[in-house]
Amino acid sequence: MHIRHVDVVDPDGERVLPDRRIVLDGDRIAAVTPDTSEPPAAGDLDGTGLYAVPGLIDCHVHATSVTADEWADTGYPPSYVTAHALRQLRGMLERGFTTVRDAGGADAGLADALDEGVAAGPRLYVCGKALSQTGGHGDLRPRGRRHADDHPAVPGIGQVVDGAPALRVAVRELARSGASFVKLMLSGGISSPTDRIDGTQYSDEEVRAAVEEAQRAGLYCAGHAYTPQAVARALRLGVRTIEHGNLIGPEEAALLAAYGAFYVPTLVTYTVLAEEGPRLGLPPASVAKVAAVRDGGLAALAHAHRAGAAVAFGTDLLGGMHHHQSGEFALRAQVQPDWAVLRSATTTGARLLGATGALGVIAEGARADILLTRHNPGTHVALLADPAAEIAAVVSRGRPVVRG
Ligand code: ZN
Ligand code: ZN
């Protein structure tokens with residue numbers, strides 16, 4: 001298939017290459033050349049008046065989240081959760097996210113099924129279940145409950161693992177079962193019922209053990225962390241991506257840049273949780289925690305941008321909140337230039353995933369994930385917040401996506 005007479009957007013070069021022909025060969029881009037004056041042939045996609053944008057990358061989703069009540073989610077049959085996950089993933093693809101990184105809950109089976117074409121969905125990078133200490137952000141038990149079913153087939157965003165030796169085994173098990181990174185809960189969070197947002201979770205010894213085991217297996221560690229202390233410690237101990245980080249200041253932003261780490265803000269989830277959380281099942285104890293981190297998010301992103309840290313795109317939406325995914329673009333455009341926001345969801349996301357040159361770009365040899373948009377998002381990135389209006393077509397794995 002060829003995409004004809006289209007203006008190709010280059011996020012790193014901050015430029016548009018006018019009137020190009022993109023030649024697709026299966027799931028690869030075979031060539032990007034100036035187009036001739038001949039009209040598109042049958043079977044070609046006519047890009048006249050449209051922009052070709054690299055398929056978007058969301059580096060923080062929870063595909064298996066059925067509701068905003070994560071404890072309730074652990075009680076559903078895995079088949080039910082999988083069915084919901086496929087629906088969520090299809091929605092992400094239709095919004096232009098051709099690659100997503102699941103930050104807790106999805107396993108390699110889901111990624112493999114999508115790669116095999118069992119259902120339409122983005123390329124999926126998984127970490128299995130996030131690792132949490134007892135009483136940490138991945139421990140969803142209400143205060144009065146002692147037992148949780150830790151069978152690996154039980155749905156859920158996290159698993160409780162305490163102690164360095166046990167963490168080593170857990171990381172080895174994740175690597176064995178197809179995780180492409182390891183997620184560590186390193187501070188309190190919103191959905192966990194018994195921890196404090198400003199708590200720091202896991203001992204240094206435990207984090208070191210997890211990081212070392214991950215590195216040995218060729219994986220990296222992602223850390224959920226809100227406070228300056230939790231973020232600085234995570235970076236010092238070798239954690240490579242910082243998730244959320246809403247409360248960081250200029251010093252931690254400089255540390256992110258110095259360590260060459262990635263910052264993955266997830267601004268939209270706090271806006272939506274504040275507005276719709278209770279209706280969508282967020283328990284009252286969690287609603288009270290939203291305010292503590294929501295307001296810091298934009299300032300934290302501004303600090304990271306100014307420090308020159310690598311910023312990737314994330315959303316962190318739960319259950320019925322997923323249709324707000326693209327709202328993240330409009331929020332970020334308040335504090336970052338449009339080209340920078342676009343890079344976060346394309347080239348920087350690809351770099352985070354270790355897929356530079358394969359994802360996030362429209363170039364020979366890259367994967368055939370391409371959006372056709374009505375405006376250049378490099379100068380109008382907030383328009384991506386309304387994907388139904390702004391995105392004329394989504395091409396995923398070399399094929400146009402039929403949108404419902
Ligand atoms: Zn988190
Ligand atoms: Zn998350």
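What you are looking at is a predicted structure, and each value in this text was computed from that prediction instead of being measured.

What counts, and at which threshold
- The residue numbers shown here count from 1 along each chain, following its written sequence.
- Key to labels: chains lettered from A, ligands numbered from 1, both in the order written.
- Confidence filtering applies because this is a predicted model: local features only for residues at pLDDT of at least 70, side-chain atom pairs given and counted only at 80 or more, and all residues used for totals across whole chains, interfaces and linings.
- Side-chain descriptors were evaluated using all non-hydrogen atoms of the structure, hydrogens and water having been removed beforehand.
- Any nitrogen, oxygen or sulfur atom within 2.8 Å of a metal ion counts as a donor, with the limit raised to 3.2 Å for Na, K and Ca, and since water is left out, coordination shells can look unfinished.
- The helix and strand labels rest on DSSP assignments: H or I over at least four residues marks a helix, E over at least two residues marks a strand, and numbering proceeds from the N terminus.
- Each residue's exposure class comes from its accessible area (1.4 Å probe, protein chains only) as a fraction of the maximum for that residue type: buried when under 20%, exposed when over 50%, partly exposed otherwise.
- Here the arc refers to the directions that run from the helix axis out to each C-beta atom.
- The contact criterion used is simple: two residues touch if any of their non-hydrogen atoms lie within 4.5 Å.
- Here a polar contact means two N or O atoms within 3.5 Å. Within protein one must be a hydrogen donor candidate and the other an acceptor candidate, and residues neighboring in sequence count only if both atoms are side-chain atoms.
- Remark: nonpolar core denotes a set of buried residues (Ala, Val, Leu, Ile, Met, Phe, Trp, Tyr, Cys) joined through side-chain atoms within 4.5 Å.
- Only a pair of cysteine sulfur atoms within 2.5 Å counts as a disulfide in this structure description.
- For the domain bounds, the source is a domain assignment made automatically or taken from a database.
- A quick way to say it: buried area is the sum, across both parts, of accessible area lost when two parts are put together, with a 1.4 Å probe.
- Salt bridges are defined as contacts in which a side-chain nitrogen from Lys or Arg sits within 4 Å of a carboxyl oxygen from Asp or Glu.
- Here the term charged refers only to Asp, Glu, Lys and Arg, the term nonpolar to Ala, Val, Leu, Ile, Met, Phe, Trp, Tyr, Cys and Pro, and the term polar to all other amino acids, Gly among them.

For the rest of this paragraph, the subject is the coordination of the zinc ion (ligand 1). The zinc ion (ligand 1) binds to the protein through His-224 (ND1) and His-244 (NE2), with metal-donor distances spanning 2.1 Å. The metal-metal distance between the zinc ion (ligand 1) and the zinc ion (ligand 2) is 3.6 Å. Note that His-224 is positioned in strand β12 (residues 221-225) and His-244 in strand β13 (residues 241-244), a separation of 20 residues in sequence. Summarising the burial analysis for this pair, His-224 and His-244 share the class buried.

What follows deals with helix α3 (residues 108-115). Looking only at α3, the buried set comprises Ala-108, Leu-110, Ala-111 and Leu-114. Buried residues along α3 cover an arc of 160° about the axis, so they all sit on one side. Turning to α3, the residues buried within the fold contact α2 (78-94) and β8 (123-125). Sitting at the amino-terminal end of α3 is Asp-107, which places a side-chain oxygen 3.0 Å from the backbone nitrogen of Gly-109.

Bringing the nonpolar core into the picture now. Grouped together as the largest cluster of nonpolar side chains are 54 residues, with contacts concentrated most on Leu-131, Val-182, Leu-184 and Val-239. With five residues, helix α8 (residues 267-276) is the single largest residue contributor to this core. Setting aside anything within four residues of it in sequence, one finds Val-239 in contact with Leu-184, Leu-186, Val-207, Val-211, Cys-221, Ala-222, Gly-223, Ala-234 and Ala-261. Within the second largest apolar cluster, 30 residues are counted, among which are Val-61, Leu-89, Val-341 and Val-401.

On to the state of the cysteines. Counted by the stated rule, this structure contains zero disulfides. Here Cys-59 stays free of any disulfide, with the sulfur of Cys-127 as its closest cysteine sulfur at 12 Å. Unpaired in this structure, Cys-127 has its nearest cysteine sulfur neighbour in Cys-221, at a distance of 10 Å. On the accessibility criterion, Cys-127 (0% relative accessible area) is buried.

Here we come to the domain arrangement of the protein. Interface size is commonly expressed as the accessible surface area that is lost when the partners come together. Domains assigned within the protein are domain 1 (2-54 + 359-400) and domain 2 (56-352). On a C-alpha basis, the centres of domain 1 and domain 2 stand 30 Å from each other. Facing the 31 residues of domain 1 at the interface are 27 residues of domain 2. For the pair domain 1 and domain 2, the summed buried surface comes to about 2300 Å²; carbon and sulfur atoms form 64% of the total. It is Leu-359, Val-381 and Arg-397 that lose the most area in domain 1 upon contact with domain 2, and together they represent 27% of the buried surface on that side. Inspection of the domain 1/domain 2 interface yields four salt bridges. Linking Asp-369 and Arg-123 is a salt bridge whose minimum nitrogen-to-oxygen distance equals 2.7 Å. The interface formed by domain 1 and domain 2 includes twelve residue pairs in polar contact (both at pLDDT 80 or more). Where the side of domain 1 that touches domain 2 is concerned, the elements lending two or more residues are β1 (2-10), β5 (51-54) and β17 (391-396). In terms of residue count, β17 provides more of the side of domain 1 that touches domain 2 than any other element does, four residues in total. Across the side of domain 1 that touches domain 2, the residue classes tally to 17 nonpolar, six polar and eight charged.

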